[in-house]
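One letter stands for each residue in the lines below.
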Protein chains: 2
Amino acid sequence: MANEIPDIVIGRLPIYLRELTRLAEEDQKTTTSSHELGKRLGISSAQIRKDLSHFGEFGKQGTGYHINYLIDQLRDILHLEQVWEVALVGAGYLGHALAHYDGFARHGFRITCIFDNDPEKVGEKMNELVVQDISEMPAILQTQNIDIAILVVPASAAQETADCLIQAGIKAILTYAPIHLEVPTDVHVSYSDPVVQLQRMTYYLSP
Amino acid sequence: MANEIPDIVIGRLPIYLRELTRLAEEDQKTTTSSHELGKRLGISSAQIRKDLSHFGEFGKQGTGYHINYLIDQLRDILHLEQVWEVALVGAGYLGHALAHYDGFARHGFRITCIFDNDPEKVGEKMNELVVQDISEMPAILQTQNIDIAILVVPASAAQETADCLIQAGIKAILTYAPIHLEVPTDVHVSYSDPVVQLQRMTYYLSP
């Protein structure tokens, strides 16, 4: 069944989870509806109901969703009932920012190692972690049994570094390098490129 | 016609542009095909032809696409024949990384002002720009006629800051704050949240 669910649906689940958590923590709410959730997220309530129906029956006509229950279910579906260890590759400005991002820890991700190939950066301390030489990466990743890497190296080094990560057993890569990565079908890649995001919006702006 | 093209198609155009530029600059190629482009990007050639057909007839059966011509056309479609000035709001670690990101300048975006509300950051120099007090933001944005902002403030301040940007005439916001923004229909928002991106991938990983 899992294989049949479109990835675009999976991609919306973390957004539902984020908003539900906000409703519970900040607004102190205990129940919500697909209508309320949709209104807050700019997504139709029908879409939300359809997305969730792939995984079961979470709401009741009239009473809607129990927020904490739905949060638990989504966390279970997305495999967030554990802490995921993450390797950070690249200790430049962006690597530095990511190493200090407290959102990871709060949501079950923990950067446990940082690598760079620049001798001036190796040995530097970033948020309690010491930057390690990238040549030691394969051995360290294998002993630590890490599945996820965040790639913040220049475009010219991205494919080679990704290959190395994959060979060391990494199964999911969040990459900030502005280049498409070729990876085996069992490896998942998520791209973050601010230029691509800005260019998508300038289409709609008057030049 | 422009209104009828799905946003998901628009979102792929910058990715085509990025790969075409790479083919021209690094591989020194002058022509390509939807097949080659698709293979490099993990997108079907039929999808690429269909996407581009929204905007005209760019390739020829047999010879494919002239890369530089297609680059020019895509730049024109995406309104990239000008330099877009960008306001950066938030001078924390990630703001710092974005202020120093050289990919913006290379692709026609120029951060021309940086704002923060922290008195310790105001006055600090970041890549030739001086961080200005956020209270001066509305006046500065209006005199500079800036359409695009990058938002890197905490989630708790994001909506209020976005409202302020929109009131000052901003039409496109790239936000790194982990919260959905409510904006008028003529304002475009693009989201970047590493936690959401990681959670989308953990779905596919064995816990």
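*Asks:* Would you take a moment to explain the sheet that holds strand β8 (residues 148-151) of chain A for this structure?
*Replies:* As summarised here, the arrangement of the seven strands in space is β6-β7-β5-β4-β8-β9-β10 (chain A), forming an open sheet in which the pairing is mixed. Edge positions in the open sheet fall to β6 (125-126) and β10 (188-191) of chain A, since each of these has one partner strand only. As judged from the two bridges shared by β6 of chain A and strand β7 (residues 129-133) of chain A, these two strands associate in the antiparallel manner. Its bridge partner lying in β7 of chain A, lysine 125 of chain A is registered against valine 130 of chain A. Against the sheet, helix α9 (residues 194-202) of chain B touches β4 (84-89), β5 (109-116), β8, β9 (172-175) and β10 of chain A, its axis set at about 160 degrees to β9 of chain A.

*Asks:* Just to check I follow, could you spell out the packing of aromatic side chains for this structure?
*Replies:* Two descriptors summarise a pair of aromatic rings, namely the distance from one centre to the other and the angle between the planes of the rings. Counted under the stated rule, the structure contains six aromatic pairs over all chains. Both rings, one in tyrosine 101 of chain A and one in phenylalanine 104 of chain A, keep their centres 5.2 Å apart while their planes meet at 90 degrees; by these two values the pair is edge-to-face. With relative accessibility at 3%, the residue phenylalanine 104 of chain A sits in the buried group. Considering the side-chain rings of tyrosine 203 of chain A and tyrosine 204 of chain A, the 4.9 Å spacing of their centres and the 85 degrees angle between planes classify their relative orientation as edge-to-face. The class for tyrosine 203 of chain A is buried, based on a relative accessible area of 9%. The exposure class of tyrosine 204 of chain A is partly exposed, given its relative accessible area of 31%. Taken together, the ring pairs connect Phe55 of chain A together with Tyr203 and Tyr204 of chain B into an aromatic cluster.

*Asks:* For this particular structure, what's the right way to read the sheet that holds strand β2 (residues 59-60) of chain B?
*Replies:* Either a parallel or an antiparallel arrangement is found when strands of a sheet pair, and the pairing is made through backbone hydrogen bonds. All names here are of chain B. What the three strands build is an open sheet, ordered β1-β3-β2; its pairing is antiparallel. Looking at which strands have only one partner, the edges of the open sheet turn out to be β1 (31-32) and β2. Bridging between β1 and strand β3 (residues 64-66) involves two bridges; their strand directions are antiparallel. Within β3, the residue paired with threonine 31 across the bridge is histidine 66. Running at roughly 75 degrees to β3, helix α4 (residues 67-77) makes contact with β1 and β3 of the sheet.

*Asks:* Is there a simple way to explain the interface of chain B and chain A in this structure?
*Replies:* With 63 residues of chain B in contact, the opposing surface of chain A contributes 63 residues. Of the roughly 6100 Å² buried where chain B meets chain A, counting both sides, 67% is carbon and sulfur surface. Its largest share of buried area at the contact with chain A, chain B owes to Arg18, Gln199 and Tyr203 of chain B, together 13% of the area lost on that side. Remark: the boundary between chain B and chain A carries four salt bridges. For arginine 200 of chain A, the salt bridge is made with aspartate 7 of chain B, and the minimal N-O distance between the two is 2.7 Å. When residues of the side of chain B that touches chain A are assigned to their parent elements, the largest contribution, ten residues, is made by helix α1 (residues 7-25) of chain B. Residue classes in the side of chain B that touches chain A are distributed as 38 nonpolar, 16 polar and nine charged.

*Asks:* What am I meant to see in the pairing of β5 of chain A here?
*Replies:* Residue and element names in this part refer to chain A. Within β5, seven of the eight residues are buried, which leaves the element mostly enclosed by the surrounding structure. As paired strands, β5 and β7 are joined by three bridges and run parallel to one another. Across the sheet, the residue bridging to isoleucine 114 is valine 131, located in β7.

*Asks:* Even after reading the chapter, I still don't get the packing of α1 of chain B against helix α2 (residues 34-41) of chain B, so can you show me in this structure?
*Replies:* Residue and element names in this part refer to chain B. The interhelical angle for the contact between α1 and α2, taken along N-to-C directions, is 105 degrees, at an axis separation of 11 Å. Taken as axis vectors, α1 and α2 run roughly perpendicular relative to one another. Judged by residue contacts, Ile15, Tyr16, Glu19, Leu20, Arg22 and Leu23 of α1 engage Glu36, Leu37, Arg40 and Leu41 from α2. Grouping the amino acids of the contact of α1 with α2 by side-chain chemistry returns six nonpolar, no polar and four charged.

*Asks:* Would you explain the relation of the copies chain B and chain A in this entry?
*Replies:* Superposition of chain B onto chain A requires a rotation of 180 degrees combined with a translation of 0.0 Å along the rotation axis, giving an RMSD of 0.0 Å. In the structure described here, the two chain copies are related by an operation that fits a two-fold rotation axis. Both copies contact each other with a shared surface, as 100% of the interface residues of chain B are interface residues in chain A too.

*Asks:* What is the right way to look at the nonpolar core in this model?
*Replies:* By size, the foremost hydrophobic cluster in this structure holds 47 residues, and its most contacted members are Leu13, Leu52, Phe55, Leu74, Phe109 and Ile150 of chain A. Looking at this core, the element that brings in the most residues is helix α1 (residues 7-25) of chain A, giving eight residues. Ranked by size, the runner-up nonpolar core spans 46 residues in total, among them Leu205 of chain A together with Ala24, Ile67 and Leu70 of chain B.

Cut-offs used in this document
- Residues numbered from 1 in each chain as written.
- Chains lettered and ligands numbered in written order.
- Predicted model: local features only at pLDDT ≥ 70, side-chain atom pairs only at ≥ 80, totals over all residues.
- Heavy atoms only, no water.
- Pairing = 2+ DSSP bridges.
- Helix = DSSP H or I, 4+ residues; strand = E, 2+ residues; numbered from the N terminus.
- Contact = heavy atoms within 4.5 Å.
- Axes fitted to C-alpha atoms, helices over the stretch in contact; angles between N-to-C directions.
- Phe/Tyr/Trp six-rings, centres within 6.5 Å; stacked < 30°, edge-to-face > 60°.
- Buried < 20%, exposed > 50% of the residue type's maximum accessible area, 1.4 Å probe, protein only.
- Buried area = accessible area lost by both parts, 1.4 Å probe.
- Salt bridge = Lys/Arg side-chain N within 4 Å of Asp/Glu carboxyl O.
- Nonpolar A, V, L, I, M, F, W, Y, C, P; charged D, E, K, R; others polar.
- Parallel < 35°, antiparallel > 145°, perpendicular 65-115°, else oblique.
- Least-squares fit on C-alpha atoms with pLDDT ≥ 70 in both.
- Core = buried A, V, L, I, M, F, W, Y, C linked by side-chain atoms within 4.5 Å.

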